[in-house]
Amino acid sequence: MDKRIQQAYDFIKKNYQQKLLLQDLAALVDLSPFHFQRLFKQEMGESPLQCMNRIRIERAAHLMRAIPDLSMSEIAADCGFSSLATFSRAFSQKIGMSPLVFSQSVHPADIDMTPVSPEPLFDVKIEYFPDMHLYYTRTSIYREQLLEDFQAALSFCELEGIHHPSKRMIGVWTYLTIHHPHQAFNYYAGAQLAENVNVTNFEKIYFIPEGKYACFSTNHSYHQFLGILIEWKANWLDKKPYVIRDLFAFEIIDPAAKKMDYPCFQRRICIPIRHK
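All values reported here derive from a predicted model rather than from experimental measurement.

Engineer: I'm lost on the overall build of the protein chain in this one. Help?
Structural biologist: The number of helices and strands found in the protein chain is nine helices and nine strands. For the protein chain, contacts bridging at least 24 residues in sequence account for 74% of all contacts bridging at least 6.

Engineer: Explain the pattern of salt bridges to me, please; I cannot follow it from the model alone.
Structural biologist: Side chains that differ in sign of charge can pair as their charged atoms come close. Under the criterion given, the structure shown has 13 salt bridges. Here glutamate 148 makes a salt bridge to lysine 259, at a shortest N to O gap of 2.9 Å. Placement of the pair is glutamate 148 in helix H8 (residues 146-160) and lysine 259 in the loop between strand E8 (249-253) and strand E9 (267-275), with a sequence separation of 111 residues. Residue glutamate 251 is joined to arginine 267 by a salt bridge in which the shortest nitrogen-to-oxygen separation is 2.9 Å. Taken together, the residues glutamate 251 in strand E8 and arginine 267 in strand E9 connect sequence positions 16 residues apart. Arginine 267 carries the same exposure label as glutamate 251, and that label is buried.

Engineer: Could you clarify how one ought to interpret helix H3 (residues 33-44) in this entry?
Structural biologist: Side chains of residues three or four places apart in an α-helix project in the same direction, reflecting 3.6 residues per turn. Taking 1.5 Å of rise per residue, twelve residues should cover 16 Å, and H3 covers 16 Å from first to last C-alpha, within 8% of that figure. Buried within H3 are the following residues: Phe36, Leu39 and Phe40. Down the axis of H3, the smallest arc covering the buried residues is 105°, so these residues share one side. The exposed set on the far side of H3, more than 90 degrees from its buried face, consists of Phe34, Arg38 and Gln42. Just beyond H3, the residue with positive phi is glycine 45, at close to 75°.

Engineer: Mind showing me how you'd approach the packing of aromatic side chains here?
Structural biologist: Describing an aromatic ring pair means giving the distance of the ring centres and the angle of the ring planes. Scanning all chains against the criterion turns up 21 aromatic pairs. With a centroid separation of 5.5 Å and an interplanar angle of 70°, the aromatic rings of phenylalanine 91 and phenylalanine 102 are classed as edge-to-face. Here phenylalanine 102 lies in helix H7 (residues 99-104) and phenylalanine 91 lies in helix H6 (residues 84-95), a separation of eleven residues in the sequence. Take phenylalanine 102: its relative accessible area is 9%, and that puts it in the buried class. Centroid distance tyrosine 136 to tyrosine 188: 3.9 Å. Interplanar angle 5°. Geometry classified as stacked. Taken as a pair, tyrosine 136 in strand E2 (residues 132-139) and tyrosine 188 in strand E4 (residues 187-192) lie far apart in primary sequence, 52 residues in all.

Engineer: Could you clarify how one ought to interpret the pairing of strand E3 (residues 169-173) in this entry?
Structural biologist: The side chains of a regular strand alternate, residue by residue, between the two faces of the sheet. The buried count for E3 comes to five of five residues, which makes it a mostly enclosed element. Both faces of E3 are covered, namely the face carrying Met169, Gly171 and Trp173 and the face carrying Ile170 and Val172. Pairing analysis gives five bridges linking E3 to E4, with the strands arranged antiparallel. Residue glycine 171 lies in a different strand from E4, and its bridge partner there is alanine 189. With four bridges connecting them, E3 and E8 associate as antiparallel partners. Note that in E8 the partner of tryptophan 173 across the bridge is alanine 249.

Engineer: I keep staring at the nonpolar core and nothing clicks. Help me out?
Structural biologist: One recurring pattern in soluble globular proteins: nonpolar side chains tend to sit buried together. Judged by nonpolar contacts, the single largest core of 41 residues is most densely connected at Trp173, Tyr187, Tyr222, Trp232, Trp236 and Ile271. At the level of elements, H8, E3, E4, strand E6 (211-218), helix H9 (225-235), strand E7 (242-244), E8 and E9 are the ones that each hand at least two residues to this core. In terms of residues, this core owes the most to one element, H8, which gives six residues. Setting aside residues no more than four positions away along its own chain, tryptophan 236 makes contact with Val124, Ile126, Ala214, Glu231, Tyr242 and Ile273. With 16 residues, the next largest nonpolar core counts Tyr9, Ala26, Val29 and Cys51 among its residues.

Criteria and thresholds
Residues numbered from 1 in each chain as written. Predicted model: local features only at pLDDT ≥ 70, side-chain atom pairs only at ≥ 80, totals over all residues. Heavy atoms only, no water. Helix = DSSP H or I, 4+ residues; strand = E, 2+ residues; numbered from the N terminus. Contact = heavy atoms within 4.5 Å. Salt bridge = Lys/Arg side-chain N within 4 Å of Asp/Glu carboxyl O. Buried < 20%, exposed > 50% of the residue type's maximum accessible area, 1.4 Å probe, protein only. Expected span 1.5 Å × (residues − 1). Arc of directions from axis to C-beta. Phe/Tyr/Trp six-rings, centres within 6.5 Å; stacked < 30°, edge-to-face > 60°. Pairing = 2+ DSSP bridges. Core = buried A, V, L, I, M, F, W, Y, C linked by side-chain atoms within 4.5 Å.

Now the structure itself:
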């Protein structure tokens, strides 16, 4: 992806609740509005406005599943819509049903709601992480060569002398919800960068913001990930004064992981949270 469009896309994902104007996004990456919109559509397959609305609606759909007690007005405001009517119209056009009908519908059929384990699965700890940057390879949790993708990212960073002293391998779900089919997950296999690295010199950089994260360890199969996430929500998140802060999560891969361990790597999953 063009580095300027990646920068704009990352900005939209982080600031979707605000009023974002085409000219401001174009100025952010030093392009004219005309050339920015044309390049964005070429790279993303949708206009900047369509992209922003999609992100807002996906966030709204997630909130309906994750926090069913929220009113539609609260959801509309949280997702950056100027009014409930604007939100309802945009949601209906994108999803094909009104927000109310969607909120009362069942989960997608391809999400396995079966608990992973009859026993409590999670020893969850709330941890604080500072800002982190990763050099990444875009991949899939369903790729058998997943560990090779991590090792390739780490090898690149070592070669460039930009790796973090811990040499941590970190995977990122760039889009994490409990309402969306698992095929839609975007996953980055990355290596943590040293804190003093000038990230503008590299294209494939993912930023993990500082904050509180709910963290737990697992070696369950990646094919069970949605079941794990749903069970974590039911057995931990719903009983605590927290909500998911953003629609991404990261995991720290055990450095002792071997290729033969796939798809059951020992890893620590970290989900961003905030107080309700």
